[in-house]
Amino acid sequence: MTSIHGLFRAIVLFKVIFVWALLCQAQSLSLEIPASIEKLETSAKKNSSSKTQTSGLLKVEGSQYASSIPGNSTLDQGLLTSVGLKTELETERTFSRADLTAERYVDWGASQFSVQELFWSRSWRDGQSQISVGRKLEYWSKADETWDLGLWQPDSVFDSLRPVEQGLTGVFHSHREGAFDSLAFLSPIFIPTMGPEVKEEDGNLVADSRWYRKPASTFFFNGKERPIVYSLNVPDLKELVQKPGVGYRLRYGADRPGFWAASSLGFKPMNSLLVKYDRKLESSEEGQDTGFAPLYPAVAYHTLWGMDLGYRFNESATEISLSYLEDRPQDIRRDADDPYILQRPSPARATSVQLDQKALIGWIHDPILFSLAYLQIDGGKYDDVDVNGGQHGPVFSQRLNFNRAAQIQAIVTGRLFQKKILSKLRYLREFEQKGMIASGEFQFHQTDKLILSMGADVLGVDDVSESNKDDRFLNQFRANDRIYGGVTYVY
């Protein structure tokens, strides 16, 4: 059966073609492919009032996982191919950008097409005011960006350790006055966070991916644990797509040293789809050991409010920031029409403290970039409820990957045999899940266009016993330790 994410990808592709055609009518576009590691851009003036920038990326990466997935040995290793597409055209009063990515696992057959940005902008009043139409990445919350929460802007989650933020889709109006800048957003449609493509197979929901978060496989009925048989039911896409949303952000001191602040407010669809299922799961006949769960995707709205405060030290290249983001989903009990049960997301409050530092150390020519951050999430769970508000065992327990975590990251750039080298290091400790993520990547720039890379990701939890039934992020994917190596060609 075709999955809901597959249908949404078709909508995204249609929107890309449609908007692209409009942009091509408005101005002459040239193609540009982005480098995910380091963008190489060249500019060429077509006339005195316009310029284009072009760069390219083709990447092949092989991965080997330390553990096997029971019953699916094809996922023990993967060969990933990636292609990007980015176009920018700037004239005296207009600016256009298209930023697209296509990825495919050759071994697994899984693929992903995502649109980070695709918009057209026009400015006036010497660039102080601007209106944009299309899909556009904007700053809404530092906590949301740093921790990939996906509350404001949706993500492309082809690989859960490398989520790619996607822009919101609609009309944007921005205005700058001195140290203040504002942004207003209005959207008539909704495109959710995209994950691995899910399909139904022998009563199970499966995906050709090691990063698919599985729902509960059993439930308790009359004191006995019983298996669940799932089926997918896709409604009319108009019901899911035609969901408007609005947002507003006010910021002070965005691009200058010293004190800065930002506040945002929005009412929009939640980027993660909810699940609705038949309550037969809880009313199986006597003597029957199986619960049947036909699943229906559903969209819920939430109110987002956030405040960021920070200070930039000019001489030391240091920034300290505090970010707060509150997410209040609407009461969805009225949507849990009998005989259905619907996920009810609880409010989430995210608080993040972050220190960013650039430092010169010894023989290293370029500054080392350090980042130290802490995240505290209060709430953010799921309760499955019926029309009367009665609670049932949740299909998924947690909305977000982390609850209480600290991480440190470093990027080191140097020279080896007169060639540029770059190292990325990351360590994250999750205190509630009692686990960690450690990642390292080394890049060797053979030429300006050819980059060789190798790296490793390690996920672990303190309790590895079978009695550990925690279904949160680190326990779900603790078997996904891997090493990888790749070749990237940029042009």
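Starting from 1, residues in each chain are numbered consecutively following that chain's sequence as written. Totals for whole chains, interfaces and linings use every residue, but because this is a predicted model, local features are given only for residues with pLDDT of at least 70 and side-chain atom pairs only at 80 or more, for both listing and counting. Note that the side-chain values use all heavy atoms of the structure and ignore hydrogens as well as water.

### Let's talk about the overall build of the chain
A helix here means a DSSP run of H or I that spans at least four residues, while a strand means a run of E at least two residues long, and both kinds are numbered starting from the N terminus. Looking only at helices and strands, one finds 4 helices and 31 strands in the chain. Relative to its 491 residues, the chain shows a buried fraction of 49%. When checking whether two residues touch, look at their non-hydrogen atoms; a contact exists if any pair is within 4.5 Å. Partitioning the intrachain contacts of the chain with sequence separation of at least 6 by distance along the chain shows that 62% fall at a separation of at least 24. All accessibility values rest on the Shrake-Rupley procedure with a 1.4 Å probe; residue burial counts only the protein chains present in the view. About 23500 Å² of surface is accessible on the chain, with carbon and sulfur atoms providing 56% of the total. When a residue's accessible area, from a 1.4 Å probe over protein chains only, is under 20% of the maximum for its type it is buried; when over 50% it is exposed; and in between it is partly exposed.

### As for the pairing of strand 21 (residues 318–329)
Strand pairing is assigned whenever DSSP detects at least two bridges linking the two strands. Judged from the 12 bridges that link them, strand 20 (residues 301–313) and strand 21 form a sheet pairing that is antiparallel. Residue pairing in the sheet places Leu304 in a bridge with Asp327 of strand 21. Pairing between strand 21 and strand 23 (residues 348–359): 10 bridges, direction antiparallel. Note that in strand 23 the partner of Tyr324 across the bridge is Thr351.

### Here we look at the nonpolar core
In this structure, Trp147, Leu375, Phe402, Ile437, Leu459 and Phe473 are the most contacted members of the largest nonpolar core, which totals 34 residues. The greatest single-element share of this core, amounting to 3 residues, is contributed by strand 24 (residues 368–379). Leave out the neighbours within four places in its chain, and Phe473 touches Ser160, Leu161, Asn401, Phe402, Gln433, Ile437 and Leu459. Nonpolar core, defined: a set of buried Ala, Val, Leu, Ile, Met, Phe, Trp, Tyr and Cys residues in which side-chain atoms within 4.5 Å join the residues together. Among the nonpolar cores identified, the runner-up in size contains 11 residues, and Val198, Tyr212, Tyr230 and Tyr277 belong to it.

### Topic: the pattern of salt bridges
A carboxyl oxygen of Asp or Glu within 4 Å of a side-chain nitrogen of Lys or Arg is what we treat as a salt bridge. The full count for this structure, using the stated rule, is 22 salt bridges. Two residues, Lys136 and Glu138, come together in a salt bridge whose shortest N-O distance is 2.5 Å. With respect to class, Lys136 is no different from Glu138; both count as buried. Several salt bridges converge on common partners, so that one network encompasses Lys136, Glu138, Asp181, Arg249 and Arg251.

### Describing the environment of Leu322
Relative to the helices and strands, Leu322 is located in strand 21. Note: C-alpha distance between Leu322 and Val353 (31 residues apart in sequence) is 4.7 Å. Setting aside its immediate chain neighbours within four residues, Leu322 contacts Met307, Asp308, Leu309, Thr351, Ser352 and Val353.

### A word on the environment of Phe267
For Phe267, the location among the structural elements is in strand 17 (residues 258–269). Classification of Phe267 as partly exposed rests on a relative accessible area of 39%. Setting aside residues up to four positions removed in sequence, Phe267 forms contacts with Gly245, Val246, Tyr301, His302 and Thr303.

### Focus on the side chain of Asn468
Relative to the helices and strands, Asn468 is located in the loop between strand 30 (450–461) and helix 4 (473–476). Judged by relative accessible area, which is 19%, Asn468 ranks as buried. At 2.8 Å, the side chain of Asn468 forms a polar contact with the side chain of Asn475. Those residues in contact with Asn468 that lie beyond four places of it in its chain are Val461, Asp463, Asn475 and Arg478. The term polar contact refers here to a pair of N or O atoms within 3.5 Å; inside protein, the definition further demands a hydrogen-donor-capable atom paired with an acceptor-capable atom, and it admits residues adjacent in sequence only when both atoms are side-chain atoms.

### Quick look at the packing of aromatic side chains
Each Phe, Tyr or Trp ring, with Trp reduced to its six-membered ring, pairs with another whose centre is within 6.5 Å; inter-plane angles below 30 degrees give stacked pairs, above 60 give edge-to-face pairs, and intermediate values give tilted ones. A complete count under the given rule lists 16 aromatic pairs for this structure. For the pair Phe473 and Phe477, a centre-to-centre distance of 5.2 Å together with 70° between the ring planes defines the contact as edge-to-face. Each member of the pair Phe473 and Phe477 is classed as buried. One aromatic cluster is present, built from ring pairs that chain together Trp147, Trp211, Phe402, Phe473 and Phe477. Look at NZ for Lys and CZ for Arg. If either is within 6 Å of the ring centre and within 35 degrees of the ring normal, a charge sits over the ring. Over the aromatic face of Phe119 sits the side chain of Lys136, whose NZ or CZ is 5.1 Å from the ring centroid. Arg162 extends its terminal NZ or CZ atom over the ring of Tyr484, reaching a point 4.8 Å from the ring centre.

### Considerations on the side chain of Ser352
The residue Ser352 is located in strand 23 in this model. Exposure remark for Ser352: the relative accessible area of 3% places this residue in the buried category. At 3.1 Å, the side chain of Ser352 and the side chain of Trp147 are in polar contact. Not counting chain neighbours up to four residues away, the residues in contact with Ser352 comprise Ala143, Trp147, Ser321, Leu322, Ser323, Tyr374 and Leu375.

### Description of the pairing of strand 16 (residues 245–252)
Of the two faces of strand 16, the one lined by Gly245, Gly247, Arg249 and Arg251 is fully buried and the one lined by Val246, Tyr248, Leu250 and Tyr252 carries no buried residue. In terms of strand pairing, strand 16 meets strand 17 through 7 bridges, oriented antiparallel. Residue Tyr248 lies in a different strand from strand 17, and its bridge partner there is Leu265. Connecting the antiparallel pair strand 16 and strand 17 is a turn made up of 5 residues, with Gly253 showing a positive phi of about 70°.

### Focus: unusual backbone geometry
For Arg125, which is not glycine, the phi dihedral falls at a positive 55°. When you line up the elements, Arg125 lands in the loop between strand 6 (111–124) and strand 7 (129–136). What makes Arg125 partly exposed here is its relative accessible area of 45%. Within the chain, Asp126 stands out as a residue other than glycine whose phi angle is a positive 55°.

### Some details on the environment of Leu75
Inspection of the secondary structure assignment puts Leu75 in the loop between strand 3 (57–65) and strand 4 (77–91). You can call Leu75 buried: its relative accessible area is 3%. Leu75 sits 11 residues away from Gln64 along the chain, and the two C-alpha atoms are 9.0 Å apart. With residues near it in sequence (within four places) discarded, Leu75 still touches Tyr65, Ile69, Trp108, Asp208, Ser209 and Arg210.

### A short note on the confidence of the model for the chain
Confidence of the predictor at the level of single residues is given by pLDDT, which spans 0 to 100. Looking at the chain as a whole, its pLDDT mean stands at 82, while 80% of the residues score no less than 70. Within the chain, no element has a lower average pLDDT than strand 1 (residues 42–47), which sits at 39, and none a higher one than strand 16, at 98.

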